[in-house]
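Close look at the chain arrangement
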Amino acid sequence: MSDRPEMFEGVDELWLDGEFVDFEDARIHVLTHALHYGTGVFEGVRCYETERGPAIFRWEDHLERFYDSGKVYDIDIPFEPAELTAATEELIRREGLQSCYIRPIAFYGYGPLGLNPSKAPIKTAIGVWPWGAYLGEEALEEGVDVAVSSWRKYSSSQIPTNAKTTGTYVNSVLASLEAKGNGYTEAIVLNKEGNVAEGPGENIFLVRDGEIYTTGLAESILDGITRQTAIELAEERGYEVHDEATISRGELYTADELFFTGTAAEVTPIRSVDDNVIGEGTKGPVTDEIQTAFFDLVESGDREEWFRYV
Ligand code: PMP
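Right, let's walk through the structure included here. Just so it is clear, the model here is predicted, and its values are computed rather than measured. (Residues numbered from 1 in each chain as written. Predicted model: local features only at pLDDT ≥ 70, side-chain atom pairs only at ≥ 80, totals over all residues. Heavy atoms only, no water.)

Looking only at helices and strands, the chain features eight helices and 17 strands. Reported as C-alpha extents along the three principal axes, the dimensions of the chain are approximately 55 × 45 × 35 Å. Taking all 310 residues of the chain together, the buried fraction comes to 53%. Within the chain, contacts between residues separated by at least 24 positions form 71% of all contacts whose residues are at least 6 apart in sequence. (Helix = DSSP H or I, 4+ residues; strand = E, 2+ residues; numbered from the N terminus. Buried < 20%, exposed > 50% of the residue type's maximum accessible area, 1.4 Å probe, protein only. Contact = heavy atoms within 4.5 Å.)

On to the packing of helix H2 (residues 59–72) against helix H3 (residues 81–95), then. At a closest axis distance of 11 Å, the pairing of H2 and H3 adopts a crossing angle of 125 degrees. The angle between the axes of H2 and H3 places the two elements in the oblique class. The hand of the H2/H3 crossing is right-handed. Together, Trp59, Leu63, Phe66 and Tyr67 of H2 and Pro81, Leu84, Thr85 and Thr88 of H3 make up the contact between the two elements. (Axes fitted to C-alpha atoms, helices over the stretch in contact; angles between N-to-C directions. Parallel < 35°, antiparallel > 145°, perpendicular 65-115°, else oblique. Left-handed = near helix turned anticlockwise from the far one by under 90°.)

Tracing the backbone through its elements, the reader meets Ile92 in helix H3. A residue is classified by how much of its surface remains accessible, and Ile92, at 1% relative accessible area, is buried. For the pair formed by Ile92 and Thr166, sequence separation is 74 residues and the distance between their alpha carbons is 24 Å. In contact with Ile92, not counting residues within four places along its chain, are Cys47, Ile56, Leu97, Cys100, Ile102, Val128 and Val310.

For the rest of this paragraph, the subject is the layout of surface pockets. Taken as a whole, the second largest pocket encloses approximately 260 Å³ of empty space. Per element, the largest residue contribution to the lining of the second largest pocket is four residues, and it comes from strand E4 (residues 45–50). Class assignment for the residues of the lining of the second largest pocket results in nine nonpolar, two polar and five charged. Residues from two domains meet in the lining of the second largest pocket; each of domain 1 (6–129) and domain 2 (139–300) gives at least three. (1 Å grid on protein atoms, 1.4 Å probe; cavity = no way out; pocket = protein on both sides within 12 Å on 5 of 7 lines; lining within 4 Å. Points joined across faces, edges and corners; volume = space filled by probe spheres on them. Nonpolar A, V, L, I, M, F, W, Y, C, P; charged D, E, K, R; others polar. Domains from an automatic or database assignment.)

Our next topic: the nonpolar core. Counting residues in hydrophobic clusters, the biggest one holds 25 residues, and the most contacted among them are Phe57, Ile212, Tyr239, Ile290, Phe294, Val298 and Phe307. The set of elements that each furnish at least two residues to this core consists of strand E5 (53–57), strand E11 (203–208), helix H6 (225–236) and helix H8 (285–300). Here this core takes seven residues from H8, the largest share from any one element. When we break this core down by domain, the ones giving at least three residues each are domain 1 (6–129) and domain 2 (139–300). What Phe57 contacts, discounting residues up to four positions off in sequence, is Val45, Arg46, Tyr48, His62, Thr229, Phe294, Leu297, Val298, Trp306 and Phe307. Counting 24 residues, the second largest nonpolar core, distinct from the first, contains Cys47, Ile77, Ile126 and Val128. (Core = buried A, V, L, I, M, F, W, Y, C linked by side-chain atoms within 4.5 Å.)

Moving on, we get to the environment of Val286. Structurally, the position occupied by Val286 is in helix H8. Judged by its relative accessible area of 8%, Val286 is buried. Residues Val286 and Ala234, spaced 52 residues apart in sequence, show a C-alpha to C-alpha distance of 8.9 Å. Setting aside its immediate chain neighbours within four residues, Val286 contacts Val207, Ile212, Tyr239 and Glu257.

Near the ligand you find 14 residues, and of these Tyr169, Glu198, Ile225, Thr226 and Thr263 are the closest. Taking Ile225, its main chain carries an N or O atom lying 2.7 Å from an oxygen atom of the ligand. Within the side chain of Thr226, one N or O atom sits 2.6 Å away from an oxygen atom of the ligand. Alone, the ligand offers 390 Å² of accessible surface; in the complex the protein occludes 95% of this. When the residues that make up the shell around the ligand are grouped by side-chain class, the tally is four nonpolar, six polar and four charged. (Near = heavy atom within 4 Å. Polar contact = N/O pair within 3.5 Å; in protein donor to acceptor, adjacent residues only side chain to side chain. Areas by Shrake-Rupley, 256 points an atom, 1.4 Å probe, with all protein chains shown as cover.)

Right, dumping it as structure tokens:
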């Protein structure tokens, strides 16, 4: 098909409901429940090229979050974790990929419409494809210019923020569109209380006087797996990490350093917020240390419990 997005150009197959299917055949009905009401859950995972071959980073943690996200919506994923693992590994092998992004998704499919999804079948799919630096290679070195969004993050009292739900990403899309429309690379969203929550697809870290702060789970954030990784790497390097922090908007402007973490964004420095230069306006030393530790880790695949070698 000539109109295939460039990012999917080399993809031959996807996995759908227990079968490997040709890319063009992985189709669903327009009356799919999740298309109308956003009733799906998903994950984003990276597989890195290491000396021991392709290695999926923190797969078990992502799987656990996937099933947990499903629980919230009574999406009882009809495959065992071992089946999803085998399918993903087989897909990576079939596609011949050394490194890739992995997108598992489970959603209410084509059934009766209406807000009670219980009669709709649960569909499960997995796709893998190569995906470079999410905010650009240059961003990893130079940092990104971000703006605080006028859209607030929905509160965890309205929609669970610890579940990765397809429908709720309209909040992230609004924030991203606004930021890009105003000439920024990415947004930061504040929560209902007006404190910092996170990025549209990233958690946020702040460095002040040599200590590290990241917003707590009660601030209406997703409990990012890269966030957990960065906390651990920082603590191992002797940093004091405040991982239940409440961060005000003003504290962003006066931070020594700021950086985003996420599976897609990895560890990306932030060089300005609302046109206020952060620190020296480039990647700061603490950010550099955590980023280097992160890439050393994922490129070596050297921590048995965090890697699944394909
Ligand atoms: N917050 C949001 C809203 C996200 O979509 C993501 C990406 N999954 C993150 C944070 C970072 O989470 P992780 O490190 O697990 O990718």
